[in-house]
Every structure is written in C-alpha cells, then in structure tokens.
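What the coordinates show
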Amino acid sequence: MESILSNLPQTLVVLGLVLLVIEVLVLGFSTFVLFFIGIGTIATGLLMAIGLIPETWLDSLLATAILSTVVALVSWKPMKRMQNKVKSKSVNNDMIGHQFVLTEELPLGRTITHRYSGIDWQTRAEEQLAAGTEVRIISMEVGLLTVQRVG
C-alpha cells in the first residue's frame, strides 16, 4: 500500500490503461463508461506527475471524477454516432437457393408459414403464387424467407 501511495501518478496511469483495455477488449467498446473513467484516470495521473494536482487520494478521486465527466460530456455524441455506424451485408448460407413446393397459395403482399428444418418461417414473394408452385429461396431475414418461382 505504501508503494501505491508513494507512486500515485504512475499507479493512476496504469489503472487507467487497465480500464481502457477492459473496455475495448473485454466489453467490445460497448458501454463507454470504463473508457471515460480510464481517460480521466490517465489524465489525473499525468497532471499529478507534472505537479498540477497534489498527490493525495482525495485529490486524485476528485480530479478523476471531474475529468471523466468532462470527457464524457465532450465525446458522448461523437462516440455514440461512431458506435451506431453498422455496415449491413448480406450473408450467403445454405438456405439461399433451397427449393420447395408451396403447400398453399401465397398472395402478393401477404405471408404464409413454411416449416423448414424444424422451424416455422414466414414466407413472402414478389408475385402471387398458387399452391403447388415450386419456389426457390432468394433471400432471408430473421424469421422471414423471400421466394420466387422456379423456372
């Protein structure tokens, strides 16, 4: 404990780096909370090392809280925007191209249920299809198959 108190600036920098590593590697940069506290802790350690903040636990806690809050307020919206940028890409799997025969009529703009691989899928088409029509899966979303007539 004595070595931590005598090397408080270095301890704070190391603690801040550990918090950043946990946020990025373990949590996948999903909460930002440890990121803000980590930046505040590193900044506090650096300010203590150059002598702008006294090297006491109380001052370090207060400075970390203030700096973390400032970092959070300044960077919350840009970081949230960055996190929400998700590229949507189509996944090709074994179901695309699978062919089957419709057991009931599939009206345009409506869905019917088709059981495949033990799961009930909602099925839709871009044209009206009669019962008995052979169709192929052309795309899929969660719980929804889009089919088209074969041939």
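Scope of this entry: the structure provided in the associated data block. (Residues numbered from 1 in each chain as written. Predicted model: local features only at pLDDT ≥ 70, side-chain atom pairs only at ≥ 80, totals over all residues. Heavy atoms only, no water.)

**Side note on the pairing of strand β3 (residues 119-125)**
Sheet topology places strand β2 (residues 112-116) next to β3; 5 bridges connect them, and they run antiparallel. For Ile112, the partnering residue across the bridge sits in β3 and is Thr123. The antiparallel hairpin formed by β2 and β3 contains 2 residues in its connecting segment, where Ser117 sits at a positive phi of about 55°. Across 4 bridges, the pairing between β3 and strand β5 (residues 144-149) is parallel. From the neighbouring strand, Ala125 faces β5, where its bridge partner is Val147. (Pairing = 2+ DSSP bridges. Helix = DSSP H or I, 4+ residues; strand = E, 2+ residues; numbered from the N terminus.)

**Section: the pattern of salt bridges**
Applying the stated rule across the entire model yields 3 salt bridges. Between Arg124 and Glu141 there is a salt bridge, with the nearest N and O atoms lying 3.3 Å from each other. Linking Arg124 in strand β3 with Glu141 in strand β4 (residues 134-141), this pair joins segments that are 17 residues apart in sequence. The partly exposed category is assigned to Arg124, whose relative accessible area is 32%. (Salt bridge = Lys/Arg side-chain N within 4 Å of Asp/Glu carboxyl O. Buried < 20%, exposed > 50% of the residue type's maximum accessible area, 1.4 Å probe, protein only.)

**Comments concerning a nonpolar patch on the surface**
Nonpolar side chains collect at one region of the surface, where Val14, Val18, Val21, Ile22, Val24, Leu25, Val26 and Leu27 lie side by side and expose about 690 Å² of accessible area between them. Tracing the backbone through its elements, the reader meets Val18 in helix α2 (residues 8-26). (Patch = residues over 30% accessible without salt bridge, like charges linked within 9 Å, V, L, I, M, F, W, Y side chains within 5 Å. Areas by Shrake-Rupley, 256 points an atom, 1.4 Å probe, with all protein chains shown as cover.)

**Regarding the side chain of Thr146**
Assignment of secondary structure puts Thr146 in strand β5. With relative accessibility at 3%, the residue Thr146 sits in the buried group. A polar atom in the side chain of Thr146 sits 3.0 Å from the side chain of Arg124. Apart from residues no more than four positions distant in its own chain, Thr146 is found in contact with Arg124, Arg136, Ile137, Ile138 and Ser139. (Polar contact = N/O pair within 3.5 Å; in protein donor to acceptor, adjacent residues only side chain to side chain. Contact = heavy atoms within 4.5 Å.)

**Side note on helix α4 (residues 57-84)**
Approximately 55° is the largest bend angle found in α4, and it occurs at Ser75, with the proline Pro78 only one to four residues beyond. For α4, the complete set of buried residues consists of Ser60, Ala63, Thr64, Ser68, Ala72, Ser75 and Met79. In this structure, the buried residues of α4 make contact with α2 and α3 (33-49). (Bend = angle between axes of the 7 residues up to and from the residue.)

**Focus on the packing of α3 against α4**
Two numbers describe how α3 lies on α4: the axes approach to 7 Å, and their chain directions differ by 130°. Taken as axis vectors, α3 and α4 run oblique relative to one another. The handedness of the crossing between α3 and α4 comes out as right-handed. Here Phe35, Phe36, Ile37, Ile39, Gly40, Thr41, Ala43, Thr44, Leu47 and Met48 of α3 lie close against α4, whose contacting residues are Asp59, Ser60, Ala63, Thr64, Leu67, Ser68, Val71, Ala72, Ser75, Trp76 and Met79. (Axes fitted to C-alpha atoms, helices over the stretch in contact; angles between N-to-C directions. Parallel < 35°, antiparallel > 145°, perpendicular 65-115°, else oblique. Left-handed = near helix turned anticlockwise from the far one by under 90°.)

**Things to note about the sheet that holds β4**
Judged by pairing direction, the sheet is mixed, and its 5 strands sit side by side in the order β1-β4-β5-β3-β2 without closing on themselves. This sheet does not close on itself; its edge strands, each paired only once, are β1 (99-101) and β2. Ignoring strand direction, the axes of neighbouring strands in this sheet form an average angle of 45°. Inspection of the sheet shows β1 paired to β4 by 3 bridges, in the antiparallel sense. Its bridge partner lying in β4, Val101 is registered against Glu134.

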